[in-house]
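Listed here are the chains, written in short residue letters.
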Amino acid sequence: MAGTPRLAELRKWLAGRKIEHVVVLGANGTMGYGSAALFTQAVPKVTFLARSREKAEEGLAAAVKQVRSPTVASRSGVGSYDDDLESAIADADIVFEALTEDLEIKREMFDRVEKARRDDSIVATVTSGLSINQLCDGRSESFRRHFMGLHFFNPPNVIVGTELIAGDDTDPALVDFVEAFSRLRLGREIVRTFDTPAFAGNRVGFKVLNEAAQLAEQLGPVLVDRLVGPYTGRAMTPLATIDLVGWDIHRAIVDNIHQSVSDEAHATLKLPDYMDSLMNQGVMGNKSGGGFFKKEGKARHVLNPATGAYQPEEDIKVPDLPYIEEVAHLHSMGRYREGMRVFLEASGEEAALARKVIAGYISYAFHRVGEATESITEIDMIMGSGFNWAPPSVLVDTLGTAEAVQMIERAGLPVPAALVSAAQAGEPKRFFAEPQVNIGKYFVAGERTRV
Amino acid sequence: MATPEVYVLGGYQTDFARNWTKENKHFSALMREGVRGALEHCQVAPEEVESAHVGNFAAELYCMQGHLGAFFTEVDPAFSGLPTGRHEAACASGSIALLAASAEIEAGRYDLQCVVGIEQMKTVSASQGGAYLGTAAWYDQEAEGVEFPFPKLFGRLGDEYDKRYGLKDEYLAEISRLNYDNAKLNPNAQTRTWYMNKEHALCRTDDNPAVGGRIRIADCSQVTDGVAVVFLASREYAEKWAKGMGQKIEDIPRIKGWGHNTARLRFEDKVEESREAEYVLPHVRSTITNAWKRAGMSDVNDVDGIETHDCFTTSEYMAIDHFGITAPGDSWKAVEAGWLEIDGQHPINPSGGLIGAGHPVGATGVRQLLDGYLQVTGQAGAYQVEGAKNFQTLNIGGSGTTSCSFVIGR
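Conventions used here
Residues numbered from 1 in each chain as written. Chains lettered and ligands numbered in written order. Predicted model: local features only at pLDDT ≥ 70, side-chain atom pairs only at ≥ 80, totals over all residues. Helix = DSSP H or I, 4+ residues; strand = E, 2+ residues; numbered from the N terminus. Buried ≥ 20, exposed ≤ 12 C-beta atoms within 10 Å, placed from the backbone. Rg over C-alpha atoms; globule rule 2.2 N^0.38 Å. Contact = placed C-beta atoms within 7 Å. Domains from an automatic or database assignment. Core = buried A, V, L, I, M, F, W, Y, C linked by C-beta atoms within 7 Å. Nonpolar A, V, L, I, M, F, W, Y, C, P; charged D, E, K, R; others polar. Pairing = 2+ DSSP bridges. Axes fitted to C-alpha atoms, helices over the stretch in contact; angles between N-to-C directions. Expected span 1.5 Å × (residues − 1). Arc of directions from axis to C-beta. pLDDT = per-residue confidence, 0-100. Parallel < 35°, antiparallel > 145°, perpendicular 65-115°, else oblique. Left-handed = near helix turned anticlockwise from the far one by under 90°.

A. A look at the overall build of chain B. Looking only at helices and strands, chain B features 16 helices and twelve strands. Dimensions of chain B along its principal axes, counting C-alpha atoms only, are 55 × 45 × 40 Å. Out of the 410 residues in chain B, the part that is buried amounts to 63%.

In structure tokens:
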């Protein structure tokens, strides 16, 4: 990948097409209203459509609350599918689909979109992993040429990492246009991925999250989030992330990957049974009032995955892990390499488990090159700007290539060929290809301690 | 004898969107990342560095930490024993560090200098930080007991323009819009992900609250953590370095000219002094023209772009006519005509400036020179001014009190 295109190139891509009106379908959902709010920054007219006018108004109210700007409301209109869909879509430059993640529901909606749309309008879907080619399968040539995935991450006003996915028939010039529009007008960090299940970010990210959920069954949530905590290169711990995302969304994403592909890490993508049964009892994460963690007044209570019961965090005993404090202390002074060396050399089975998860992340990401993306750079950029995790290449560069290879081998995981050959060459190689990105920001120190 | 030349080998800045307090990081991490980043980017071995100058405004207040020159030695074992020091001139601290370092090169004392501009500000609440910034004014006369004194002082700069020439807020909103738009192209800009458009900048509701007279939130640069680092070198060192990098000495940018003036501290005294003058802040004007003179240039047409000190939209509005882009009082014409856009005839703040890129106070002067370096070497990425050969900075401390300007070019 050539990296970020230059302004002159982006401006060239942007020329010759104006976006005056965006219609958002499913504008009452989280991604719907979040995306619609984002569009109002740069588009004079945004129409929020939902099943009913009331639902659309709820979406607009949520958008106003999310982005405190008068232009969210002043540039927006609302309507229902029954009364307004055809007329709105006939006037739209971009139709942005944000319905529930269900292939059939989306395809039915595209039936109506196809009949109403202008021949030159762009149709984009915010799907987080359904196939772009399947979604437009059987549609007219014009529809397929103008159709693509534009995957914002939640919440779009905060997270700028965005995946752009062309289908087999998408007009490449339109993909360029949407990249330029998203970068220049919406301030997005655009990453192009192939049309593979869950694309790049969620494929790699949810593999790690699900592995953490699997480990929680034995170790408990507190220890897992401590082991795969900020010191390993992330702002938010994995199980707290699943709670924030929602267990149902987590299930939809990992089930999609688990059912659609059989890769070298297949077992880690199987949703733990305890999550399935707890979801049947209504446990959905923060949106249902609790998941792995739950607030009880000021205290944090923690799920026991085996029983489904919660207990106060302070009653939970976890092993003393002084190495984590040592790493955090080194991170707090910006000594990231030294910190990661302490992580590599830490003794005990807990540290070994933490290394296995990180090794799995690196191994899995590098094995997706050629499948989900053209190069590791796209995966690096989406893990950095979409998940706020240390990109896999940053971890390799910080650990050292030979050390990363050894860590992956010791974890019993397949070592990516690119790492093996770089380690064999023996010359220092830098995998992370974005010199403008600070790698230090990914190594969060956690609670700063004085040694 | 001609003054020896001062070359700029490049440098590094941190992502100004970062909150180092949230990352649980100590001030020393900021220093370390900045300097190590610069060493790596410029492929300079730590052993080569001969001296270091640190520009910083108020680490004693924000971080309970002084003696910042000494912190430089913590970055690498090879730095132990180096001559270092810290420079302070409010928001112009970074430029003062650059001036001191370049003077030492001109004097032949050292061949390779590291200049660090650094500030960590998100350690305290907005109002506490606002009070600390008030020490850049005459504190007990202009700032004590005033909430957010600086927006109010720069609001008065707008009022002075209004009184002398007339000023419509829509031009200030447009300046804000442009800086935010440019910031979207800069991967290290603080506000690159923030929601902004001209209508929002013009909005007069609680979504864009007033903080000082006509100054609203959208008119302000924000509280920022960050560090910017550059390496300055003598011709002898630059020639050796260029050879090692496979470049010619002619391709290495140098500081062609500089200007530096300090006006009276209180805003009302400055305005009183300029009552009969052509420019509202005459010392800022002479800083700019002195830089041209030393660079052998005659006016703003000799530079391909400007990184100016838009701590508030009014300070950029002031800079436009002080640079001579328009006649005094006519800055709005350049705004309206689109001349300040990256592909306009006088690009200002392609980086997003202080409003867009961020304003870690002591780092700003160094960040501006670094952006000038990126521009004239064609490395500014999406915010590149095509074909730029010369760039000029304007860095201001206090309410137009200390002003510094550099012309960097090849």
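B. Molecular detail of the overall build of chain A. A count of helical and extended segments in chain A gives 21 helices and eleven strands. A compact globule built from 451 residues should have a C-alpha radius of gyration of about 22 Å, and chain A, at 23 Å, falls within 12% of that. Dimensions along the principal axes, computed over C-alpha positions, put chain A at roughly 65 × 55 × 40 Å. Counting across all 451 residues of chain A, residues that qualify as buried make up 54%. Here the analysis covers contacts within chain A between residues at least 6 apart in sequence; of these, 72% occur between residues at least 24 apart.

C. Looking closely at the domain arrangement of chain A. Residue and element names in this part refer to chain A. As far as domains go, chain A holds domain 1 (7–193) and domain 2 (201–442). On a C-alpha basis, the centroid separation for the pair domain 1 and domain 2 is 31 Å. Contacts between the two partners involve twelve residues from domain 1 and, on the opposite side, twelve residues from domain 2. The set of elements that each furnish at least two residues to the side of domain 1 that touches domain 2 consists of β7 (161–166) and β8 (189–193). Top element by residues in the side of domain 1 that touches domain 2 is β8. It accounts for four residues.

D. Quick look at the environment of His26 of chain B. Relative to the helices and strands, His26 of chain B resides in the loop between β1 (7–13) and α1 (27–42). C-beta crowding within 10 Å serves as the criterion here: with 23 such atoms nearby, His26 of chain B is assigned to the buried category. Considered as a pair, His26 of chain B and Ser286 of chain B are 260 residues apart in the sequence and their alpha carbons are 39 Å apart. The residues touching His26 of chain B, leaving out its near neighbours within four places in the chain, are Ser332 and Met333 of chain A.

E. A look at the nonpolar core. Core analysis: the biggest nonpolar cluster contains 273 residues, and Val24 and Phe48 of chain A together with Val116 and Val229 of chain B have the highest contact counts within it. Two domains share this core, each providing at least three of its residues, namely domain 1 (7–193) and domain 2 (201–442) of chain A.

F. Representation of the interface of chain A and chain B in the model. Across the boundary between the two partners, chain A contributes 30 residues, which contact 31 residues of chain B. Counting residues per element, the ones that place at least two in the side of chain A that touches chain B are α1 (7–14) and α4 (70–74) of chain A. Tallying contributions element by element places α1 of chain A first for the side of chain A that touches chain B, with three residues. Tallied by class, the residues present in the side of chain A that touches chain B amount to 13 nonpolar, twelve polar and five charged.

G. The sheet that holds strand β9 (residues 293–296) of chain A, seen in detail. Residue and element names in this part refer to chain A. The three strands are arranged β9-β10-β11 in an open sheet whose pairing can be described as antiparallel. Either end of the sheet is taken by a strand with one partner, and the two such strands are β9 and β11 (310–312). Neighbouring strand axes in the sheet, compared pairwise and without regard to direction, differ in orientation by 35° on average. In this sheet, strand β10 (residues 299–303) lies alongside β9 in antiparallel orientation, the contact comprising four bridges.

H. Structural view of helix α6 (residues 103–116) of chain A. All names here are of chain A. Taking 1.5 Å of rise per residue, 14 residues should cover 20 Å, and α6 covers 20 Å from first to last C-alpha, within 8% of that figure. Along α6, the residues classified as buried are Lys106, Phe110 and Val113. In a view along the axis of α6, the buried residues occupy a sector of 60°, so they form one face of it. Facing away from the buried side of α6 by more than 90 degrees, the exposed set consists of Glu104, Ile105, Glu108, Asp111 and Lys115. Contacts made by the buried residues of α6 are with α5 (81–90), β4 (94–97), β5 (122–125) and α7 (132–135).

I. A look at helix α16 (residues 336–345) of chain A. Residues and elements named next belong to chain A. Taken as a whole, α16 has its buried residues at Tyr336, Gly339, Met340, Val342 and Phe343. Here the buried residues of α16 occupy an arc of 150° about the axis, which is enough to place them on one side. Among the structural elements, α15 (322–332) and α19 (392–399) are those in contact with the buried residues of α16.

J. Here's a closer look at the pairing of strand β7 (residues 226–233) of chain B. Residue and element names in this part refer to chain B. For β7, the tally of buried residues reaches eight of eight residues, placing the bulk of the element in the interior. Neither face of β7 is exposed, since Gly226, Ala228, Val230 and Leu232 on one face and Val227, Val229, Phe231 and Ala233 on the opposite face are all buried. The pairing of strand β4 (residues 112–119) with β7 spans eight bridges and is classified as antiparallel. Bridge pairing in β7 places Cys114 opposite Phe231.

K. Structural view of the sheet that holds β8 of chain A. All names here are of chain A. In spatial order, the strands read β3-β2-β1-β4-β5-β6-β7-β8; together these eight strands make up an open sheet with mixed pairing. Looking along the sheet, the strands with just one partner apiece sit at the ends: β3 (76–80) and β8. Neighbouring strand axes in the sheet, compared pairwise and without regard to direction, differ in orientation by 25° on average. Looking at chain direction, strand β1 (residues 21–25) and strand β2 (residues 45–50) are connected through five bridges and run parallel. Across the sheet, Val23 pairs through a bridge with Thr47, a residue of β2.

L. Broad picture of the confidence of the model for chain B. Averaged over chain B, the pLDDT score is 96; the fraction of residues at 70 or greater is 100%. Taken over the whole predicted complex, pTM reads 0.93, whereas the ipTM for its chain interfaces reads 0.90.

M. Inspection of the packing of α15 of chain A against α16 of chain A at higher detail. Residue and element names in this part refer to chain A. Contact pair α15 / α16: the axes reach a minimum separation of 7 Å and the direction vectors enclose 170°. Regarding the angle of α15 to α16, the classification is roughly antiparallel. Facing Tyr323, Glu326, Val327, Leu330 and His331 of α15, the residues of α16 in contact are Tyr336, Glu338, Gly339, Val342 and Phe343. Each residue belonging to the contact of α15 with α16 can be placed in one class, and the counts come to six nonpolar, two polar and two charged.

N. View of the packing of helix α10 (residues 201–219) of chain A against helix α18 (residues 376–387) of chain A. All names here are of chain A. Closest axis-to-axis distance for the α10/α18 pair is 9 Å, and the angle between their directions is 65°. In terms of orientation, α10 and α18 fall into the roughly perpendicular class. Taken as a pair, α10 and α18 cross one another with a handedness that is right-handed. Between α10 and α18, the residues in contact are Gly201, Val204 and Gly205 and Ile379, Ile382, Met383, Gly386 and Phe387, respectively. A per-class count over the contact of α10 with α18 returns five nonpolar, three polar and no charged.

O. Fine view of unusual backbone geometry. The amide bond that connects Asn154 of chain A to the next residue, Pro155 of chain A, takes the cis arrangement and shows omega of -10°. Along the polypeptide, Pro155 of chain A turns up in the loop between β6 (147–152) and β7. Positive phi is not limited to glycine here, since Met64 of chain B has a value of about 55°. A count of 9 C-beta atoms within 10 Å places Met64 of chain B in the exposed class.

P. Quick look at the pairing of β6 of chain A. Residue and element names in this part refer to chain A. The element β6 is largely enclosed, with a buried count of six among its six residues. As paired strands, β5 and β6 are joined by three bridges and run parallel to one another. Looking at β6, one finds that Val123 is bridged to Phe147. Strand direction decides the pairing type here: β6 and β7, joined by five bridges, are antiparallel.

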